[in-house]
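For reference, the chains in residue letters:
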Amino acid sequence: MTDVALFGAGRIGKIHAGNLAAQPGVKLKYVVDVNAAAATELAARHGAQVARADQVFDDAAVKAVVIGSSTDTHADLIGRAAAAKKAIFCEKPVDLSLARARECAQAVAKAGVTCMIGFQRRYDPTFAALQARLAAGEIGEPEMLVITSRDPGAPPVEYIKVSGGIFKDMLIHDFDIFRWILADEAATVYATGSCLTDPAISAAGDVDSTAVTIRTKKGRLALINTSRRAAYGYDQRFEVLGSTGMLQAANHKPTEVTAATGRGVSTDTPEHFFLERYRVAYASEMAHFFEALAKGTPIKTTIEDGVKALELAEAATISWREKRIVEL
Ligand SMILES: NC(=O)c1ccc[n+]([C@@H]2O[C@H](COP(=O)([O-])OP(=O)(O)OC[C@H]3O[C@@H](n4cnc5c(N)ncnc54)[C@H](O)[C@@H]3O)[C@@H](O)[C@H]2O)c1
């Protein structure tokens, strides 16, 4: 049995707890959360113990930690887990500070431990199938990528104030998709944004709608459009134009029923939000983490990927603030 500790018993912590407890040979031993009630409830649900961070790092039987606590805890916990030689699964972003995220990557490399970042979109069956078909050459050489990423609604402004801004909080996933799909790195980034859905977001110093243009080192182009509001639900699509064709990843709907009447043809709106849309991806990423640990095989989404996505988020933030193209 691999004993595991989970940090964070909030929205994502609950998902990870269920998924990791379902892995063969894996035991959720400890749940750590500064919110004692949340920790107690989640630990009880999975037959785990509530613990403090020190207990986790002092327990040699704990071989891996899953970090799903608030963003401002990630860097410290990665550092402590690496020093204690425990394998790490950590939610995005590694940190809001690029310098601190790079220090984390160095600490992980020095300790020689596995560190996976929760870019779950790479484990989504639709996105993974598209990437595999692209890599197999089905549409020739990729030339252009268009990503649409829209949330059904904005989080509370209190969250936005400490989120690091839309580029680090929300587009970090789109920047990871960009790097993964085009298998290329950005040479230039131009980002613009507006506050179109709620003036309180502007008052908090952020935007809720963005348009980002990237030119890659190989000369490929990417366009990312995002919004904190989509009246029809969670909109997660992308399209790749290649030299001999095009591949599209469409939204998932709760059911595939189509209704045709005298007034028109309709289907379900997309699955509501990330917990629904990426339910399978969250399970698959956790299976990937523990399979890689058991077999000693490589991790698909490393801390270096976490740092690279953050570099893009930082560049986009600077581009938006300073109204200029940023070179990487
Ligand atoms: N990959 C994804 O799709 C995805 C989705 C949601 C959230 N996230 C990330 O997961 C993290 C948590 O987000 P959430 O939506 O679950 O937030 P949340 O607020 O629901 O949960 C965070 C939990 O962390 C706890 N916490 C705070 N400080 C702690 C500490 N020092 N030790 C242990 N626990 C502590 C809080 O009490 C809270 O219960 C964030 O970094 C977020 O960016 C990723």
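Enquirer: Explanation requested: the overall build of the protein in the structure shown.
Expert: Secondary structure assignment for the protein yields 13 helices and 15 strands. The C-alpha extent of the protein, read off along each of the three principal axes, is 60 × 50 × 45 Å. Split into buried and exposed, the 328 residues of the protein put 49% on the buried side. Per element, the accessible surface of the protein, about 14700 Å² overall, is 54% carbon and sulfur. The protein carries 38 positive and 39 negative side-chain charges, and their two centres are separated by 1 Å.

Enquirer: Which parts of the structure should I look at to understand the pattern of salt bridges?
Expert: Two side chains carrying opposite charge are able to pair once their charged atoms lie near each other. Within this structure, the stated rule accounts for 24 salt bridges. With a closest N to O distance of 2.6 Å, Arg 80 and Asp 54 form a salt bridge. In this pair, Arg 80 sits in helix α4 (residues 74-83) while Asp 54 sits in helix α3 (residues 53-58), placing the two residues 26 residues apart along the sequence. What makes Arg 80 partly exposed here is its relative accessible area of 29%. You can call Asp 54 partly exposed: its relative accessible area is 37%. The residue Arg 122 makes a salt bridge to Asp 176 at a minimum N-O spacing of 2.7 Å. Within this pair, whereas Arg 122 is found in the loop between β6 (115-117) and α6 (125-135), its partner Asp 176 is found in helix α9 (residues 171-182), the two being separated by 54 residues in sequence.

Enquirer: Is there a simple way to explain the site of the ligand in this structure?
Expert: Looking at the ligand, there are 22 residues lining it, with Arg 11, Ile 12, Asp 33, Thr 71 and Tyr 282 nearest. A distance of 2.9 Å is found between a nitrogen atom of the ligand and a side-chain nitrogen or oxygen belonging to Glu 91. Take Lys 92: an N or O atom from its main chain is 3.0 Å from an oxygen atom of the ligand. Compared with its free state, where it exposes 840 Å², the ligand has 80% of that area covered by protein. At a threshold of 2 Å from the grid points, most atoms of the ligand map onto the largest pocket. Its residues placed into classes, the shell around the ligand shows six nonpolar, 12 polar and four charged.

Enquirer: What is the right way to read empty space enclosed by the protein from this model?
Expert: Unoccupied space between atoms shows up once a probe the size of one water molecule is rolled over them. If you walk through the whole model with that rule in mind, you get one cavity of 30 Å³ or more. What the largest cavity holds in volume is close to 50 Å³. What lines the largest cavity is Arg 121, Phe 127, Ile 147, Thr 148, Ser 149, Asp 174, Ile 177, Gln 236, Arg 237, Phe 238 and Tyr 278. Within the residue set of the lining of the largest cavity, elements represented by two or more residues are β7 (142-150), α9 and β11 (235-242). Taken together, the residues of the lining of the largest cavity sort by class into five nonpolar, three polar and three charged.

Enquirer: Hey, could you run me through the environment of Gln 106 in this one?
Expert: With respect to the helices and strands, Gln 106 occurs in helix α5 (residues 98-111). Classification of Gln 106 by relative accessible area gives exposed; the value is 57%. Once the C-alpha coordinates of Gln 106 and Asp 235 are considered, the two residues, 129 residues apart in sequence, prove to be 36 Å apart.

Enquirer: I'm lost on α6 in this one. Help?
Expert: An α-helix turns once per 3.6 residues; consequently, residues spaced three or four apart project the same way. Listed in full, the buried residues belonging to α6 are Phe 127, Leu 130 and Leu 134. Buried residues along α6 cover an arc of 60° about the axis, so they all sit on one side. Backbone nitrogen of Thr 126 and a side-chain oxygen of the N-cap are separated by 3.1 Å at the start of α6; the cap is Asp 124. Downstream of α6 by one or two residues, Gly 137 has phi in the positive range, about 90°.

Enquirer: Got a minute to help me understand the packing of aromatic side chains in this structure?
Expert: Ring pairs (aromatic) are described by centroid distance and by the angle formed between their planes. One pass over the structure, following the stated rule, counts nine aromatic pairs. Where Phe 89 meets Phe 289, the ring centres are 5.8 Å apart and the plane angle is 70°; that geometry is what we call edge-to-face. Within this pair, whereas Phe 89 is found in strand β5 (residues 87-90), its partner Phe 289 is found in helix α12 (residues 279-295), the two being separated by 200 residues in sequence. No difference in accessibility class separates Phe 89 from Phe 289, as the two residues are buried. Site record: aromatic cluster; members linked through ring pairs are Phe 127, Tyr 234, Phe 238, Phe 273, Phe 274 and Tyr 278.

Reading the values: the criteria
Residues numbered from 1 in each chain as written. Predicted model: local features only at pLDDT ≥ 70, side-chain atom pairs only at ≥ 80, totals over all residues. Heavy atoms only, no water. Helix = DSSP H or I, 4+ residues; strand = E, 2+ residues; numbered from the N terminus. Buried < 20%, exposed > 50% of the residue type's maximum accessible area, 1.4 Å probe, protein only. Areas by Shrake-Rupley, 256 points an atom, 1.4 Å probe, with all protein chains shown as cover. Lys, Arg positive; Asp, Glu negative; His and termini not counted. Charge placed at Lys NZ, Arg CZ, Asp CG, Glu CD. Salt bridge = Lys/Arg side-chain N within 4 Å of Asp/Glu carboxyl O. Near = heavy atom within 4 Å. Polar contact = N/O pair within 3.5 Å; in protein donor to acceptor, adjacent residues only side chain to side chain. 1 Å grid on protein atoms, 1.4 Å probe; cavity = no way out; pocket = protein on both sides within 12 Å on 5 of 7 lines; lining within 4 Å. Sits in = over half its atoms within 2 Å of the grid points. Nonpolar A, V, L, I, M, F, W, Y, C, P; charged D, E, K, R; others polar. Points joined across faces, edges and corners; volume = space filled by probe spheres on them. Arc of directions from axis to C-beta. Phe/Tyr/Trp six-rings, centres within 6.5 Å; stacked < 30°, edge-to-face > 60°.

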